[in-house]
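# A look at the structure
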Amino acid sequence: MRRRTALAAAVGLALSLTACGSGDSSAGLDPSAETPVTVQAGFIPVIDVAALYLGQKQGFFSQHGIKLDIKTAQGGAALVPPVVSGEYQFAFSNMVSVLAARDKGLPLKVIASGSDSTGVAGKDVTMIRVPKNSPIKSAADLAGKKVSVNTLNNLLEMLGEVAVKADKGDPDAVKFVELPFPDAVTALGKGDIDAMVTAEPFDTIAAGVDTRVIASPYLEMSKSSLTTSVYFTSEEQLKKNPKLFTALKAAIDESLAYAQSHPGRPGPSWPPS
């Protein structure tokens, strides 16, 4: 119940954390500098962050005097400590991980929006899939079943619980197991797990191994789109170097806008290695 309450708070408070800057690049770094500032960034290998890889390829970050050095992690919660310690200047995470960290007293600040749900049943950023020949018909049938999530006690597990509860099932009876997305797709195809809570691009990949959607969890909370993830830093880093984060926010916003207006634009190989 505590986890489901946290998710409801995350959705209701999406982007209520103070974001930095106005995105005015004139107040940022010197783009004419001979050597750009290398910024350590922590990402999850999901499609939501593809826009920033594309933005770096298009030169939006270099135009603001920034070079991204991107590291990846399995889940957003794992990216909070290196940001707080200053090892990474910023990272990408779901709203639940950011709000949970704030609730524990960790000084995180949102610097830019990350991604939104689509509000379209069966075509959302997160769905629950089962093998095509599974007897499972709806989320309530997941009670007593083995369901994979990328990290336990985090966003996707909460979304799975929300879907089961909305379908009048018992979320506490679901056996959530932690599997990296690629391993979960393989396990689902082989029948080693009963269901998978997905995130793109792994939902599309899972769709190619004879699976079907039984629930679109975000729609149980809102029929319109919701902010689901953000880019964040620490209060200390933001206070220490506001020009960097003004420039960084501008580059992120330009990357997101470019990706939105060029949906067919080739980007890096995906998922990134």
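Here, the structure is the one placed above.
Before going further, it helps to examine the overall build of the protein. Tallying secondary structure elements over the protein gives 9 helices and 10 strands in all. A separation threshold of at least 6 residues defines the contact pool for the protein, and within that pool the share at least 24 residues apart is 83%. Carbon together with sulfur atoms contributes 51% to the accessible area of the protein, which is approximately 12200 Å² in total.

Moving on: the sheet that holds strand β7 (residues 175–178). The strand order across the open sheet built from 5 strands is β7-β6-β8-β5-β9, with neighbouring strands paired in mixed fashion. In this open sheet, the two edge strands, each paired with only one partner strand, are β7 and β9 (211–215). Across the sheet, the axes of successive neighbouring strands diverge by a mean angle of 30°, strand direction being ignored. Where strand β6 (residues 146–149) meets strand β8 (residues 195–197), 2 bridges bridge the pair, whose relative direction is parallel. Considered in β8, the bridge of V147 is made with A195.

In the contact formed by helix α2 (residues 50–58) and helix α9 (residues 242–261), the axes pass within 8 Å of each other and the chain directions differ by 100°. When the axis of α2 is compared with that of α9, the two are roughly perpendicular. Of the residues in α9, those in contact with A51, L52, L54, G55 and Q58 of α2 are I252, S255, L256, Y258 and A259. Of the residues assigned to the contact of α2 with α9, the class counts are 7 nonpolar, 3 polar and no charged.

In a regular helix each residue adds 1.5 Å, so 12 residues correspond to 16 Å; helix α5 (residues 155–166) covers 16 Å between its end C-alpha atoms and thus fits that length. Looking one or two residues beyond α5, the residue adopting positive phi is K168, at roughly 65°.

With that settled, consider the pairing of strand β1 (residues 37–43). Relative to strand β2 (residues 66–72), β1 is paired through 7 bridges, and the arrangement is parallel. Paired with Q40 across the strands is D69, a residue of β2. Assessed by its sense of winding, the connection that carries the chain from β1 through α2 to β2 is right-handed.

This part covers the sheet that holds β1. Here 5 strands make up an open sheet; going across it, the order is β2-β1-β3-β10-β4 and the pairing mixed. Each end of this open sheet is capped by a strand with a single partner; those strands are β2 and β4 (108–116). Put simply, the sheet's adjacent strands are angled 25° from each other on average, direction ignored. Pairing of β1 with strand β3 (residues 90–94), which is carried by 2 bridges, proceeds in the parallel orientation. Among the inter-strand pairings, G42 is bridged to a residue of β3, identified as A91. Across the sheet, α2 is in contact with β1, β2, β3 and β10 (227–234); its angle to β2 comes to roughly 145°. On the sheet, helix α4 (residues 95–103) packs against β3, β4 and β10 and is oriented at approximately 110° with respect to β3.

Cut-off values and rules
- Note on numbering: residues in each chain are counted from 1, in written sequence order.
- Side-chain atom pairs in this predicted model are given and counted only at pLDDT of 80 or more, local residue features only at pLDDT of at least 70, and totals for whole chains, interfaces and linings cover all residues.
- Here the side-chain values reflect all heavy atoms present in the structure, with hydrogen atoms and water set aside.
- By definition, any uninterrupted DSSP run of H or I lasting at least four residues is a helix, any uninterrupted run of E lasting at least two residues is a strand, and each is numbered from the N terminus.
- Here a residue-residue contact requires only that any non-hydrogen atoms of the pair lie within 4.5 Å.
- Throughout, the Shrake-Rupley method with a 1.4 Å probe supplies accessible areas, and for residues the shown protein chains are the sole cover considered.
- By definition, two strands form a pair when at least two bridges between them are found by DSSP.
- Axis lines are fitted to C-alpha atoms, over the contacting stretch for helices. Their N-to-C directions set the angle, which ranges from 0 to 180 degrees.
- Any angle that falls under 35 degrees is termed roughly parallel, while one over 145 is termed roughly antiparallel, one within 65 to 115 roughly perpendicular, and all others oblique.
- Under the convention adopted here, Pro, Cys and the residues Ala, Val, Leu, Ile, Met, Phe, Trp and Tyr are nonpolar, Asp, Glu, Lys and Arg are charged, and Gly plus all remaining residues are polar.
- Helices are assigned an expected span. That span is 1.5 Å times one less than the residue count.
- With its strands directed away from the observer, a crossover is right-handed exactly when the path from the first strand over the helix to the second travels clockwise.

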